[in-house]
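Residue-level structural notes
Chain residues, written in single-letter form:
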Amino acid sequence: MSIPPRKDGIDDESRESGCLERPGSHRPVRAVTLAAVPHSATDVRALLGRKVVVFVGLMGAGKTAIGRKLAQLLDLPFVDSDHEIETVSRMTIPELFERYGEPEFRALEQRVIERLLREGPRVVSTGGGAFMNPHTREAIASFGVSIWLKADLDLLMERVAKKQNRPLLKNADPRAVMAKLMADRYPVYAQADLTVETRDARRETITEETLQALASHLQGRAGSGSAGETQ
Ligand SMILES: Nc1ncnc2c1ncn2[C@@H]1O[C@H](COP(=O)(O)OP(=O)(O)OP(=O)(O)O)[C@@H](O)[C@H]1O
Ligand SMILES: O=C(O)C1=C[C@@H](O)[C@@H](O)[C@H](O)C1
Ligand SMILES: [Mg+2]
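Rules used in this analysis
- Residues numbered from 1 in each chain as written.
- Chains lettered and ligands numbered in written order.
- Predicted model: local features only at pLDDT ≥ 70, side-chain atom pairs only at ≥ 80, totals over all residues.
- Heavy atoms only, no water.
- Helix = DSSP H or I, 4+ residues; strand = E, 2+ residues; numbered from the N terminus.
- Expected span 1.5 Å × (residues − 1).
- Buried < 20%, exposed > 50% of the residue type's maximum accessible area, 1.4 Å probe, protein only.
- Arc of directions from axis to C-beta.
- Phe/Tyr/Trp six-rings, centres within 6.5 Å; stacked < 30°, edge-to-face > 60°.
- Salt bridge = Lys/Arg side-chain N within 4 Å of Asp/Glu carboxyl O.
- UniProt positions renumbered as here; feature names shortened; annotations may be inferred.
- Contact = heavy atoms within 4.5 Å.
- Near = heavy atom within 4 Å.
- Polar contact = N/O pair within 3.5 Å; in protein donor to acceptor, adjacent residues only side chain to side chain.
- Areas by Shrake-Rupley, 256 points an atom, 1.4 Å probe, with all protein chains shown as cover.
- 1 Å grid on protein atoms, 1.4 Å probe; cavity = no way out; pocket = protein on both sides within 12 Å on 5 of 7 lines; lining within 4 Å.
- Sits in = over half its atoms within 2 Å of the grid points.
- Axes fitted to C-alpha atoms, helices over the stretch in contact; angles between N-to-C directions.
- Parallel < 35°, antiparallel > 145°, perpendicular 65-115°, else oblique.
- Core = buried A, V, L, I, M, F, W, Y, C linked by side-chain atoms within 4.5 Å.
- Nonpolar A, V, L, I, M, F, W, Y, C, P; charged D, E, K, R; others polar.

What follows deals with helix α3 (residues 63-74). With 12 residues, α3 should reach 16 Å at 1.5 Å per residue; the first-to-last C-alpha distance of 16 Å fits that figure. For α3, the set of buried residues is Lys63, Ile66, Gly67, Leu70, Ala71 and Leu74. All buried residues of α3 project into a common sector of 140 degrees when viewed along the axis, lining one side.

Written out as C-alpha cells, the structure reads:
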C-alpha cells in the first residue's frame, strides 16, 4: 500500500530539503521564510538625524516610562515636559493649576515644549494635553517624530490610580473624565506620525516594539513603503 500524498502536495523529500518544484518547471525554489531582522538602536539613531522623538498620549499611557527607556537605548537625552515645567516654575503641576489655572499652565507648556524641540535630538515625553494645542502639534511636526502611545481605559485607570498628582482627575468620577478625554483626544492623537499600542506588558517589551515601529517609519521616509504608521 502506498502512502497517500499529503494534502498540501509537497512530498517529504522536498519538505526536508526546503526545496519545492514550481508546477510546470524543473527549477527548484527554496521554501524559506525570511524573518524580519530587527533594527538596532544604533541604526535608528542614525536614521533619526536631528529629529526629536516626541511621545504623546493620555495620562498613564507610559509616555514617561517608555520615553526614558527609549532614550537610553538610543543614547539620547530624555526630557519629560511635565518635569521641565515643574523645574522652570518651581511649582508642582497641581500647584500651577491651582494658583494660575489651566490656561496659564497650557501657555507655559507650549513655550517649554517649543524650546525643548529646538534644543537638538532627544526624546521628549509630553504631558497628556500638550498635543491638543495646534501650535505645539505644528512645532512637533516640524522638529520631531511623534509617537502616540495608545492604551485602553482599564489600563489607564489602573496606572493613574497609583498617584494623585493629576489635577484633571481630581473628580468624583475619574473614570468618566478619562473616558471623555479619550473621546475628545484620540482623534487628535491619531494625527501623530506613529501609533504604538501599549498594554500590560514589560516596559522593555513596549520599548522594543516602539523602537521597531520607529525604525519602520524612518526607513519608510528614507526609502519606499512604511510600517507601523497611522496614516
Ligand atoms: N509597561 C509598563 N508596565 C508597568 N508599569 C508601567 C508601564 N508603563 C508605565 N507604567 C507605570 O504606569 C504609571 C504611569 O506611567 P507614566 O507616568 O509613564 O505615564 P504618562 O503617560 O507619562 O502619564 P502622564 O501624562 O500623567 O505623565 C507609572 O507608575 C509607571 O511606572
Ligand atoms: O492630560 C492632561 O491634560 C494632563 C496630563 C499631565 O501629564 C499633566 O500635563 C497635566 O496634569 C495635564
Ligand atoms: Mg508623564
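Picking up where we left off.
Throughout the structure, instances matching the rule amount to 4 aromatic pairs. Judged by centre distance (4.8 Å) and plane angle (40 degrees), the ring pair of phenylalanine 97 and phenylalanine 105 falls under tilted. Residue phenylalanine 97 shares its accessibility class with phenylalanine 105, and that shared class is buried. Ring centres of tryptophan 148 and tyrosine 186 lie 4.8 Å apart, and the angle between their planes is 75 degrees; this geometry places the pair in the edge-to-face category. On the criterion of sequence distance, the pair formed by tryptophan 148 in strand β6 (residues 144-150) and tyrosine 186 in helix α9 (residues 174-189) is long-range, its members being 38 residues apart. Assigned by exposure class, tryptophan 148 and tyrosine 186 land together as buried. Aromatic rings pair up to connect Trp148, Tyr186 and Tyr189 into one cluster.

Let us look at the pattern of salt bridges. The tally for this structure, following the rule as stated, stands at 11 salt bridges. Lysine 69 serves as the salt-bridge partner of glutamate 204, at 3.7 Å between the closest nitrogen and oxygen. Taken together, the residues span a long stretch of sequence, with glutamate 204 in helix α10 (residues 203-222) and lysine 69 in helix α3 at a distance of 135 residues. Among the salt bridges present, the one from arginine 115 reaches glutamate 119, with a minimum N-O distance of 3.2 Å. On the basis of relative accessibility, which here comes to 32%, the residue arginine 115 falls in the partly exposed class. Look at glutamate 119 and you get partly exposed, because its relative accessible area is 40%.

Bringing the UniProt feature "binding site: Mg(2+)" (unreviewed entry) in the chain into the picture now. UniProt's feature table lists "binding site: Mg(2+)" (unreviewed entry) at Thr64, given in the numbering used throughout. Judged by relative accessible area, threonine 64 falls into the partly exposed class, the value being 28%. Those residues in contact with threonine 64 that sit more than four places away from it in its chain are Phe78, Asp80, His83 and Ser125.

Next up on the list: the site of ligand 1. Contacts to ligand 1 come from 14 residues, most closely from Lys63, Thr64, Ala65, Arg159 and Arg166. A distance of 2.8 Å is found between an oxygen atom of ligand 1 and a side-chain nitrogen or oxygen belonging to threonine 64. Within the contact set of ligand 1, an oxygen atom lies 2.6 Å away from a side-chain nitrogen or oxygen of arginine 166. In the complex, 81% of the free accessible area of ligand 1, which totals 620 Å², lies under the protein chains. Counting atoms within 2 Å of the grid points, the majority share of ligand 1 lands in the largest pocket. Per element, the largest residue contribution to the shell around ligand 1 is 3 residues, and it comes from α3.

On to the packing of helix α6 (residues 102-118) against helix α7 (residues 134-143), then. Between two packed helices, what matters for the description is the angle formed by their axes and the separation of those axes. Relative to each other, α6 and α7 sit at 5 degrees, their axes nearing to 10 Å. Looking at the two axes, α6 sits roughly parallel to α7. Contact with α6, carried on its side by Gln110, Ile113, Glu114, Leu117 and Arg118, involves His135, Thr136, Ala139, Ile140 and Phe143 of α7 and no other residues of that element.

Attention shifts here to the nonpolar core. Ranked by internal contacts, the top residues of the largest apolar core, which has 61 residues, are Val53, Phe55, Leu58, Leu74, Leu156, Met178 and Leu214. Among the elements that line this core, the one with the most residues is α9, at 7 residues.

Attention now goes to the site of ligand 2. Close to ligand 2 lie Met59, Asp82, Ile93, Phe105, Arg106, Glu109, Gly127, Gly128, Gly129, Pro167, Leu168 and Arg185. Between ligand 2 and aspartate 82, the relevant distance is 2.5 Å, taken from an oxygen atom to a side-chain nitrogen or oxygen of the residue. In this structure, glycine 129 approaches ligand 2 through a main-chain N or O atom, which is 3.4 Å from an oxygen atom. The site holding ligand 2 turns out to be the largest pocket. Top element by residues in the shell around ligand 2 is α6. It accounts for 3 residues. Residue classes in the shell around ligand 2 are distributed as 5 nonpolar, 3 polar and 4 charged.

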